[in-house]
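Reading the structure
Given next are the chains, with one letter for each unit.
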Amino acid sequence: MTEEIYANDVKVIVFQLADEEYGVPVQQVRSIEKVQHITRVPKTAKFVKGVINLRGLVTPVIDLRTRFGLVEQEYTDSTRVIIVSLENMEVGLIVDAANDVIDIPVEAVEPPPEVVGAVEANYIKGVAKIERRLLILLKLDAVLNPEELKVLQG
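The paragraphs below set out a description of the structure included in this document. Since this is a predicted model, take the numbers as computed values, not measurements. (Residues numbered from 1 in each chain as written. Predicted model: local features only at pLDDT ≥ 70, side-chain atom pairs only at ≥ 80, totals over all residues. Heavy atoms only, no water.)

A few points about the overall build of the protein
Cut-off, in case you're wondering: Each helix is a run of DSSP H or I of at least 4 residues and each strand a run of E of at least 2, with the numbering of both proceeding from the N terminus. Burial classification: accessible surface area is computed with a 1.4 Å probe over protein chains only, and a residue below 20% of its type maximum counts as buried, one above 50% as exposed, and the rest as partly exposed. Working definition of accessibility: Shrake-Rupley area with a 1.4 Å probe, residue cover restricted to the visible protein chains.
On a plain count of helices and strands, the protein comes out with 3 helices and 13 strands. Across the 154 residues in the protein, those meeting the buried criterion constitute 48%. With the model as given, the accessible surface of the protein reaches about 8,600 Å², and the carbon-plus-sulfur share is 49%.

Quick look at the structure:
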């Protein structure tokens, strides 16, 4: 019993986190920014780094390394904040680097294995094998659990 993960080919933004490559659908990405000043917000989950002022909008920012239980790392020149949109909410995802945009044929996407590296399977929509690359396709609604982020919403 194989269920279709995507009905059609999908275009994704590829980003780096530790030694893995991840993808999120282009239509959910608003912009890719350099890291800027982040204002801490008290009483939020550990992975919520705070908020940034992005073109006049206060945008919550989460560190995907912390979210996925990976070792935290100092930000570098290649660190990026990917602004994603989910259910009328924009959130910044801090990643090690944003690599490229690629088209993934639907037949290259497989259901997620139980565990991929350190990332829990419930955060993963599927895994794509493209040439020699293995891309982990994120399920943003699980990563950006609205219950855990509700403190940030006015």
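Alright, that's what it looks like, and here's the rest.
Points about the sheet that holds strand S6 (residues 80-86)
Working definition: the strands of a sheet are paired by backbone hydrogen bonds and lie parallel or antiparallel to each other. Spelled out, the test is: Note on pairing: two strands pair once DSSP finds at least 2 bridges between them. Only the contacting stretch of a helix is used when fitting its axis, a line to C-alpha atoms as for every element, and angles between N-to-C directions run 0 to 180 degrees.
Reading across from one edge, S3-S6-S7-S5-S4 is the order of the 5 strands in this open sheet, with mixed pairing throughout. With partners counted over all chains shown, the strands left at the sheet margins are strand S3 (29-34) and strand S4 (48-54), one partner each. With strand direction ignored, the average angle separating the axes of adjacent strands in the sheet is 30°. With 6 bridges connecting them, S4 and strand S5 (residues 57-63) associate as antiparallel partners. Among the inter-strand pairings, Asn53 is bridged to a residue of S5, identified as Val58.

Describing the environment of Gln28
The line we're drawing: Here, residues are in contact when the closest pair of their heavy atoms is within 4.5 Å.
In this structure, Gln28 sits in the loop between strand S2 (20-25) and S3. For the pair Gln28 and Ser85, spaced 57 residues apart in sequence, the C-alpha separation works out to 5.2 Å. In contact with Gln28, other than residues within four places in its own chain, are Ile83, Val84, Ser85, Leu86 and Leu140.

Here we look at the nonpolar core
This is how it is decided: We define a nonpolar core as any set of buried Ala, Val, Leu, Ile, Met, Phe, Trp, Tyr and Cys residues linked to one another through side-chain atoms lying within 4.5 Å.
Ile62, Leu64, Leu93, Leu138 and Leu144 are the most contacted members of the largest nonpolar core, which totals 27 residues. Put simply, the parts of the chain that give this core at least two residues each are strand S1 (10-17), S2, S6, strand S7 (89-95), strand S12 (124-130), strand S13 (133-138) and helix H2 (140-143). With 4 residues, S7 is the largest single contributor of residues to this core. In terms of nonpolar packing, the next biggest core, distinct from the first, is built from 11 residues, Val10, Val14, Ile104 and Ala128 among them.

What about the sheet that holds S2?
Taken in spatial order, the 6 strands line up as S8-S1-S2-S13-S12-S9 in an open sheet, and their pairing is mixed. What marks the edges here is a single partner per strand, and that holds for strand S8 (97-104) and strand S9 (109-110). Here S1 runs beside S2; their pairing, made up of 6 bridges, is antiparallel. In the sheet register, Gln16 faces S2, and the bridge partner there is Glu21.

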